[in-house]
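Architecture and fold: a report
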Amino acid sequence: MLQLQAIRDRKDEIIKALKKRNIDAAPLVQNVLELDEKRRSTQTKLDNTLAEANKLSKEIGLFFKAGKAQEANVLKEKTGTLKEDSKRLGDDLNTVADELQAILYQIPNVPHQSVPAGNTDEDNEEVFKEGEIPTLNTDALPHWDLAKKYDIIDFELGVKITGAGFPVYKGKGARLQRALISYFLDKNTEAGYTEMQVPHLVNEASGFGTGQLPDKEGQMYHVGEDDLYLIPTAEVPVTNLFRDEILSEKDFPVCYTAYTPCFRREAGSYGAHVRGLNRLHQFDKVEIVRVEHPENSYKALDGMVEHVKTILRELKLPYRILRLCGGDLGFTAALTYDFEVFSTAQDRWLEISSVSNFETYQANRLKLRYKDENGKNQVAHTLNGSALALPRVLAGILENYQTKEGIQIPEVLVPYCGFDKID
RNA sequence: GGAGAAAUGGCAGAGUGGUCGAAUGCACUAGUCUUGAAAACUAGCGAGGGUCACACCUCCGGGGGUUCGAAUCCCUCUUUCUCCGCCA
C-alpha cells in the first residue's frame, strides 16, 4: 500500500498519476487524509489521558510506599474516569485506524511516469522486439495438437485425477519441463541470483504482505482446515522472506531465484484463448526477486529485463517487450514490462514473463526496511519477474520448432534434455 | 496425535506487581590509540506513533482479563523445545 507520508506530501501528484489507471482517486485520497487527521487527534487525546493515568499510578505507588494509604485512596478514585476515557478513546482509535487501513488497501500503486495511459492491452507500448518468426508448413499445428500427436502432455488424464487446467506431462514432455526448470535456474544463478526453495503454501500474513490479499482472495486456492493459501507465484513466499526485516545498505542488492509450481483459480477465465497450455490452474515458473535501494530499483528493473532477454535469445524464440499501460498494470506494480513470445501456429503473442518494480508498495505492507546512512529506517523497493513461466515457453517451443520430422529441441536445452528431438 | 517445559532487544540471557523499554555479555556503529589491523579504552546502539524539536504514548509471542499500576498474576490462541506414538 502507499505510504501515508507520501499521500500527505504529494497528494495532487498521486491523484494525477492514478488517472493513468483510469481511476479518480481524489475521493479516496481525501478520505485517507481526513481519517488520518482524525486518527492523529484521537491518538493525541488518548496519549494525554494515558499520560495522566500513568502519573497518578506512580503517585499512588509512592503514597503506598510511604504508608499514606489515605492519600493513595483519594487518588485512586480519580483514576476511574481516566480509565473510562482511555477505553473509549482506544476503541475510537481502533475504529478509525481500521477504516484508514481499509481505504489504503483500495488504492493501487502509483504508476511510474513512463507508464502510458490506456485502458486495455491494446494500449500497451511495444518497446522492443527481437527474433525471427519462423515460416511453418501450412499444416503446422497448435501445441495442444502437437502434445497429443507426440503424446507428451495429457490434458484428459489431468481432468480425470484433478480437473481442467491440471495437465499431466509425459515422457519427453516431462523431461523437457525438468530441463527448462534446470536451465532457467542455472541462467539465473549465473546472473547472480541465489537459488531458494520455499514453501508452496503460505499463511494469511504473507498473502497480505505481497498484496494478493485482501483484493485477490478469490484467485488463490485456500486450504480452510489450516487457513493456508497455495501460492499463485513464488513472488509471495520469496518476497515475504523479508517481511518485518530491516536490512543494512550493504545488504543490497538482494537477488533471489526460486522454482515453484503456481496455483491459480483463474475464476472468470474461459474461451478459446485458454486452450491447451495458455491458461492453467497449476503451472511451473522460475521467478526472480530483488530487494533494492530506492535509488537503484529502476536500474535493477532494466537489468532484469536484459537478463530475461538473454534467455529468450538463447532459446531463439521471437519475442517482444511491452510496457504495460495504466489500465493493464497490476494493482501493486509501478511499472511492468511484459515479455511475449510469438506463437506461429496460433498466430498470436503469448505472455511468458512479467517484470515489475513495486517501489515501496509491497515493502510498506511488508515492513521491509533498510537503515540509511543516517541510521534512519527507510522503506526498501521490491521487484520481481518471471524467468520464466514454463507453459507458454513450452507452447512456443513446440509450435515454433515443429518440423515434418518432429519437434526440434532448442540447442541450449539439449544437454538438459538428453535428446534433441521429440518424434 | 499424547505428556511436560518454554516464548524478553540482532544473538545469548537477567528480571515474578510500582522508579523497567527493560541488567549483563556478545555483535554492531563512531571516536581515542596504531603505519594499518587486532587488543584496550570512551561513547552510542530495538520498533512504531507523535512533535519544528522536545515532551509524551504504545510494544517483553498474539488476543482478552484482574489491578490505581502488569514483562511479572489469570484465561485463551499460536509457536518452539524435550519425551512418547506415527512416518517419507
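All values reported here derive from a predicted model rather than from experimental measurement.

Points about the side chain of threonine 42
Considering the arrangement of structural elements, one finds threonine 42 in helix H3 (residues 26-65). With relative accessibility at 8%, the residue threonine 42 sits in the buried group. A polar contact of 2.6 Å, which involves the side chain of threonine 42, links it to the backbone oxygen of lysine 38. Each residue touching threonine 42, except ones within four places of it in the same chain, is listed here: Leu89, Asp92 and Leu93.

Focus on the sheet that holds strand E1 (residues 125-130)
Pairing within the open sheet is mixed, and its eight strands lie in the order E1-E11-E12-E13-E16-E10-E9-E4. Looking at which strands have only one partner, the edges of the open sheet turn out to be E1 and strand E4 (194-196). If you compare each strand with its neighbour and ignore which way they point, the axes differ by 25 degrees on average. Relative to the sheet, helix H7 (residues 172-190) contacts E4, strand E9 (254-263), strand E10 (282-292) and strand E16 (381-389), its axis offset from that of E10 by approximately 5 degrees. Contacting E1, E10, strand E11 (319-323), strand E12 (335-343), strand E13 (348-359) and E16, helix H10 (residues 297-315) runs over the sheet at an angle of about 5 degrees to E16.

Let's talk about the sheet that holds strand E14 (residues 369-371)
Across the sheet, which stays open at both edges, the three strands sit in the order E8-E14-E15 with mixed pairing between neighbours. Single-partner strands in this sheet number two, and they are strand E8 (246-248) and strand E15 (377-379). For this sheet, the mean inter-axis angle between neighbouring strands, taken without regard to orientation, is 40 degrees.

So, helix H4 (residues 69-106)
Along an α-helix, residues three or four positions apart point the same way, because every turn accommodates 3.6 residues. With 38 residues, H4 extends 55 Å between its outermost C-alpha atoms, agreeing within 8% with the 56 Å of an ideal straight helix rising 1.5 Å per residue. Every buried residue belonging to H4 is among Ala72, Leu75, Leu82, Ser86, Leu89, Gly90, Leu93, Val96, Leu100, Ile103, Leu104 and Tyr105, and all of these are buried. Against helix H1 (4-9), H3, helix H8 (204-210) and helix H11 (361-366) lie the buried residues of H4.

Observations regarding the packing of H7 against H10
Between H7 and H10, whose axes approach to 11 Å, the crossing angle comes to 135 degrees. Taken together, the axes of H7 and H10 lie oblique to each other. For H7 against H10, the interelement crossing comes out right-handed. In this structure, H7 uses Tyr183, Phe184, Lys187 and Asn188 to contact H10, whose residues at the interface are His307, Thr310, Ile311, Glu314 and Leu315. Taken together, the residues that form the contact of H7 with H10 break down as four nonpolar, three polar and two charged.

With respect to the environment of alanine 66
Within the secondary structure, alanine 66 is located in the loop between H3 and H4. Since its relative accessible area comes to 53%, alanine 66 is described here as exposed. In this structure, the C-alpha to C-alpha distance between alanine 66 and lysine 16, residues 50 residues apart in sequence, is 64 Å.

A short note on the protein's contact with RNA strand B
Taken together, 20 residues form the shell around RNA strand B, and within it Arg39, Asp47, Ser57, Lys65 and Lys371 come nearest. When atoms of RNA strand B within 4 Å of the protein are sorted by moiety, sugar and phosphate together comprise 72%. Taking arginine 8, its side chain carries an N or O atom lying 3.2 Å from a phosphate oxygen of RNA strand B. One nitrogen or oxygen atom from the side chain of aspartate 47 is found 2.8 Å from a sugar or linking oxygen belonging to RNA strand B. Looking at the surface near RNA strand B, the elements that each hand over two or more residues are H3, H4 and E14. Taken together, the residues of the surface near RNA strand B sort by class into five nonpolar, six polar and nine charged.

Focus on the packing of H3 against H4
Two elements in contact, H3 and H4, have axes separated by 8 Å at closest approach and are oriented at 160 degrees. In terms of their interaxial angle, H3 and H4 are classed as roughly antiparallel. In this structure, the crossing between H3 and H4 has a hand that is left-handed.

Details of the domain arrangement of chain A
The domain architecture assigned to chain A consists of domain 1 (4-106) and domain 2 (121-422). Each of domain 1 and domain 2 has a C-alpha centre, and the two are 43 Å apart. Each side of the interface is counted separately: domain 1 has six residues, and domain 2 has 11 residues. Here domain 1 and domain 2 share an interface that buries about 580 Å² over both sides, 48% of which is from carbon and sulfur atoms. Contact with domain 2 buries surface across domain 1, with Lys20, Arg21 and Tyr105 losing the most and accounting together for 83% of the total. Put simply, domain 1 and domain 2 have zero salt bridges between them. Our count for the domain 1 to domain 2 interface comes out at three residue pairs in polar contact (both at pLDDT 80 or more). Per-class residue counts for the side of domain 1 that touches domain 2 are two nonpolar, two polar and two charged.

Here's the deal with the environment of arginine 21
By secondary structure assignment, the location of arginine 21 is in the loop between helix H2 (11-18) and H3. Classification of arginine 21 as buried rests on a relative accessible area of 10%. Between the alpha carbons of arginine 21 and alanine 66 there is a distance of 67 Å; along the sequence they are 45 residues apart. Here the side chain of arginine 21 touches asparagine 109 through a polar contact of 2.8 Å, landing on its backbone oxygen.

Analysis parameters
- Residues numbered from 1 in each chain as written.
- Chains lettered and ligands numbered in written order.
- Predicted model: local features only at pLDDT ≥ 70, side-chain atom pairs only at ≥ 80, totals over all residues.
- Heavy atoms only, no water.
- Helix = DSSP H or I, 4+ residues; strand = E, 2+ residues; numbered from the N terminus.
- Buried < 20%, exposed > 50% of the residue type's maximum accessible area, 1.4 Å probe, protein only.
- Polar contact = N/O pair within 3.5 Å; in protein donor to acceptor, adjacent residues only side chain to side chain.
- Contact = heavy atoms within 4.5 Å.
- Pairing = 2+ DSSP bridges.
- Axes fitted to C-alpha atoms, helices over the stretch in contact; angles between N-to-C directions.
- Expected span 1.5 Å × (residues − 1).
- Parallel < 35°, antiparallel > 145°, perpendicular 65-115°, else oblique.
- Left-handed = near helix turned anticlockwise from the far one by under 90°.
- Nonpolar A, V, L, I, M, F, W, Y, C, P; charged D, E, K, R; others polar.
- Near = heavy atom within 4 Å.
- Domains from an automatic or database assignment.
- Buried area = accessible area lost by both parts, 1.4 Å probe.
- Salt bridge = Lys/Arg side-chain N within 4 Å of Asp/Glu carboxyl O.

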